[in-house]
Amino acid sequence: MAHENSFQLQNVRIGSDPPVTVSVRDGVIAAISENTTDQPSGLTIIDGADGLLLPALVDGHMHVDKTLFGQPWLPYPAGPDRDSRIETEKKLRGEFAAPVEERAAALLRQVIGVGTGALRTHVDVDLPIGLDHMHAILGLRDRFKDFLDIQIVAFPQSGIARCPGMADLLEAAVAEGADLVGGIDPIGFDENLTVHYDTIFGIAERHGVGIDIHLHDAGPTGVEELEALIERTRAAGLEGQVTASHAFCVGGCDERTFERLAAALAETEICIATHGGGASPLPPVKKLRERGASIFAGNDNIRDTWTPYGNGDMLERAMLTAWRSGFRTDTDLEIALDLASGAGAKALGLDGHGLDVGCAADFFVVDADTPAHAVADRPVRRMVFKRGRLVARDGTLTEAAEAGLR
Ligand SMILES: [Zn+2]
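Residues numbered from 1 in each chain as written. Predicted model: local features only at pLDDT ≥ 70, side-chain atom pairs only at ≥ 80, totals over all residues.

**Student:** Is there a simple way to explain the overall build of the chain in this structure?
**Tutor:** Helix and strand content of the chain: 14 helices and 16 strands. Here the C-alpha atoms of the chain give a radius of gyration of 21 Å, agreeing with the 22 Å that 2.2 N^0.38 yields for 406 residues. Expressed along its principal axes, the backbone C-alpha trace of the chain runs to roughly 65 × 50 × 40 Å. Counting the 406 residues in the chain, one finds 51% classified as buried. (Helix = DSSP H or I, 4+ residues; strand = E, 2+ residues; numbered from the N terminus. Rg over C-alpha atoms; globule rule 2.2 N^0.38 Å. Buried ≥ 20, exposed ≤ 12 C-beta atoms within 10 Å, placed from the backbone.)

**Student:** Sorry if this is basic, but what is going on with helix α5 (residues 193-207) here?
**Tutor:** Residues spaced three or four apart along an α-helix point in a common direction, a consequence of the helix completing one turn every 3.6 residues. Between its terminal C-alpha atoms α5 stretches 21 Å, which fits the 21 Å expected from 15 residues at 1.5 Å a residue. Buried residues of α5: H196, Y197, T199, I200, F201, I203 and A204, and no others. The secondary structure elements touched by the buried residues of α5 are α4 (166-175), β8 (180-184), β9 (210-215) and α6 (219-236). G208 sits one or two positions beyond α5 and adopts a positive phi of about 65°. (Expected span 1.5 Å × (residues − 1). Contact = placed C-beta atoms within 7 Å.)

**Student:** Could you clarify how one ought to interpret the domain arrangement of the chain in this entry?
**Tutor:** It is common to report an interface's size as the accessible area lost on association of the parts. Partitioning the chain into domains gives domain 1 (7-55 + 355-394) and domain 2 (57-347). With 15 residues of domain 1 at the contact, the number on the domain 2 side is 19 residues. Per-element tally for the side of domain 1 that touches domain 2: the top contributor is helix α13 (residues 371-377), with five residues. Here the side of domain 1 that touches domain 2 is composed, by residue class, of 10 nonpolar, one polar and four charged. (Domains from an automatic or database assignment. Nonpolar A, V, L, I, M, F, W, Y, C, P; charged D, E, K, R; others polar.)

**Student:** Looking at this model, I keep getting lost on the environment of V242. Mind explaining?
**Tutor:** Of note, V242 is situated in strand β10 (residues 242-246). Residues V242 and F327, 85 residues apart in the sequence, show an inter-C-alpha distance of 28 Å. Other than its neighbours up to four places away in sequence, V242 contacts G210, I211, L229, T233 and I270.

**Student:** Looking at this structure, how should I read the environment of A104?
**Tutor:** With respect to the secondary-structure elements, A104 resides in helix α2 (residues 100-113). Separated by 39 residues in the primary sequence, A104 and D65 place their C-alpha atoms 5.6 Å from one another. Excluding anything up to four places from it in sequence, A104 contacts V64, D65, T67, A136, I137 and L140.

**Student:** Just checking my understanding: could you explain the packing of α6 against helix α8 (residues 255-268) for this structure?
**Tutor:** Axis separation between α6 and α8 bottoms out at 10 Å; the angle between their running directions is 25°. As summarised for this structure, α6 and α8 are arranged roughly parallel, according to the angle between their axes. In the packing of α6 onto α8, the handedness of the crossing is left-handed. Residues V223, L226, I230, T233 and R234 of α6 pack against T257, L261, A264 and T268 of α8. Grouping the constituent residues of the contact of α6 with α8 by class yields five nonpolar, three polar and one charged. (Axes fitted to C-alpha atoms, helices over the stretch in contact; angles between N-to-C directions. Parallel < 35°, antiparallel > 145°, perpendicular 65-115°, else oblique. Left-handed = near helix turned anticlockwise from the far one by under 90°.)

**Student:** Could you clarify how one ought to interpret the sheet that holds β10 in this entry?
**Tutor:** Strands belonging to one sheet form pairs held by backbone hydrogen bonds; the direction of such a pair is parallel or antiparallel. Judged by pairing direction, the sheet is parallel, and its eight strands sit side by side in the order β5-β6-β7-β8-β9-β10-β11-β12 without closing on themselves. Whereas interior strands pair on both sides, the edge strands pair on one side only; in this sheet they are β5 (57-62) and β12 (295-297). Strand after strand, the sheet turns through a mean of 25° between neighbouring axes, direction not considered. With seven bridges joining them, strand β6 (residues 116-124) and strand β7 (residues 149-155) adopt parallel strand pairing. Counted as the bridge partner of V123 is A154 from β7. Sheet strands touched by helix α10 (residues 314-324): β5, β6, β11 (271-274) and β12. Its angle to β12, the strand with the most contacts, is close to 130°. (Pairing = 2+ DSSP bridges.)

**Student:** Explanation requested: unusual backbone geometry in the structure shown.
**Tutor:** In this model, L127 is joined to P128 through a cis peptide bond whose omega is 5°. One can find P128 in the loop between β6 and α3 (132-143). Phi at N11 is positive, roughly 60°, even though this residue is not glycine. Position of N11 among the secondary structure elements: in strand β1 (residues 7-13).

**Student:** Sorry, what's going on with the nonpolar core here?
**Tutor:** The biggest cluster of nonpolar side chains holds 122 residues, and the ones touching the most others in it are L108, A154, A318, A336, L339, A340 and V375. Counting residues per element, this core draws most heavily on α2, which supplies seven residues. Shared between two domains, this core takes at least three residues from each, and those domains are domain 1 (7-55 + 355-394) and domain 2 (57-347). Residue contacts for V375: discarding those within four places in its chain leaves L315, A318, M319, A322, L333, A336 and L337. (Core = buried A, V, L, I, M, F, W, Y, C linked by C-beta atoms within 7 Å.)

**Student:** What should I look at first to understand the sheet that holds strand β15 (residues 389-393) in this one?
**Tutor:** Read from one edge to the other, the open sheet built from eight strands follows the order β3-β2-β1-β4-β13-β14-β15-β16, with strand pairing classed as mixed. The open sheet has two free edges, formed respectively by β3 (28-34) and β16 (396-397), since each of these has just one partner strand. Of the strand pairs in this sheet, β1 and strand β2 (residues 20-25) are connected by four bridges, and their pairing is antiparallel. In the strand pairing of β2, Q8 is matched with S23.

Structural data, given as structure tokens:
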């Protein structure tokens, strides 16, 4: 009997090898064998048409509750700096015509269509909205669970020390189901490193969750924040459970400081999440990896009051990161792709990611010669599979997937 998530995908290529046939059983890659065109009865056959098979993309840093994706164009409304963006968003977010659920769901559909199989989103925990956004995204995490693995970070966008009541709200967000606790620039924005770290590490330890903190501050302030994060991670025994998002300071410091930070990041297994583009210093991708430190990619803001850019496509993010890093060779473009896929899966602690036998059948097919070609070209995702179910074709959700989301 044919099962929905058991099939044979014939005539697809992996890497630069000749075409193969991939057998999927109950949503898992059961075999990868020499290509066949046999059509045994009782088995669902899908023709890959000589496409390139790539493992699901992982978007390691999003803000799906902020997005205006699918909404009318909003000219960039804020000033040139972080503080202005925070204030502008607070002023405008009550005026958006569509509720958080609707805007975020439009973006989630989009990312499924471009081959993202898992993501981590920061969700604003703020005043006066309290946990409203958190409740909306927790609901979507459940509604989309067969299509996307979603991790939620409780994010104190307006700070902790400077925002009375925030520590309790953050703790409540984690108690209600957020997977990690977030933070933001403990010195440069919150102006109280001790209170900031005491709060988030306290919540992490009490609830057994990881930490993913925004560190935008560059220069000595950023380095001080990151070194304190490293120290706190060691003291709390949270190695492997902490992410520093952006960590622009790692991209803008002198050699000696870089080497010290890279060694400590590798030792404490603190990962760096990068959005690659923009005008800020980019942590040096290859140098970090060569020193054993982990770096992965995410789209960050997509079409919201913070930025007019973004379409949710992690192949595009890989291309931007590669371009920004000065990558040209296939080997380097494959590193950029890894940031948007395998490295992200590892950092997020996802099991069974990849194109090996035993991995989840989370993958997609594109028309490209090699993975490097796919990064450069960002072709349409012809077919996207999640746990062995065809969920999207040519960027659009299948009818069955849409039915499953209702
Ligand atoms: Zn962010």
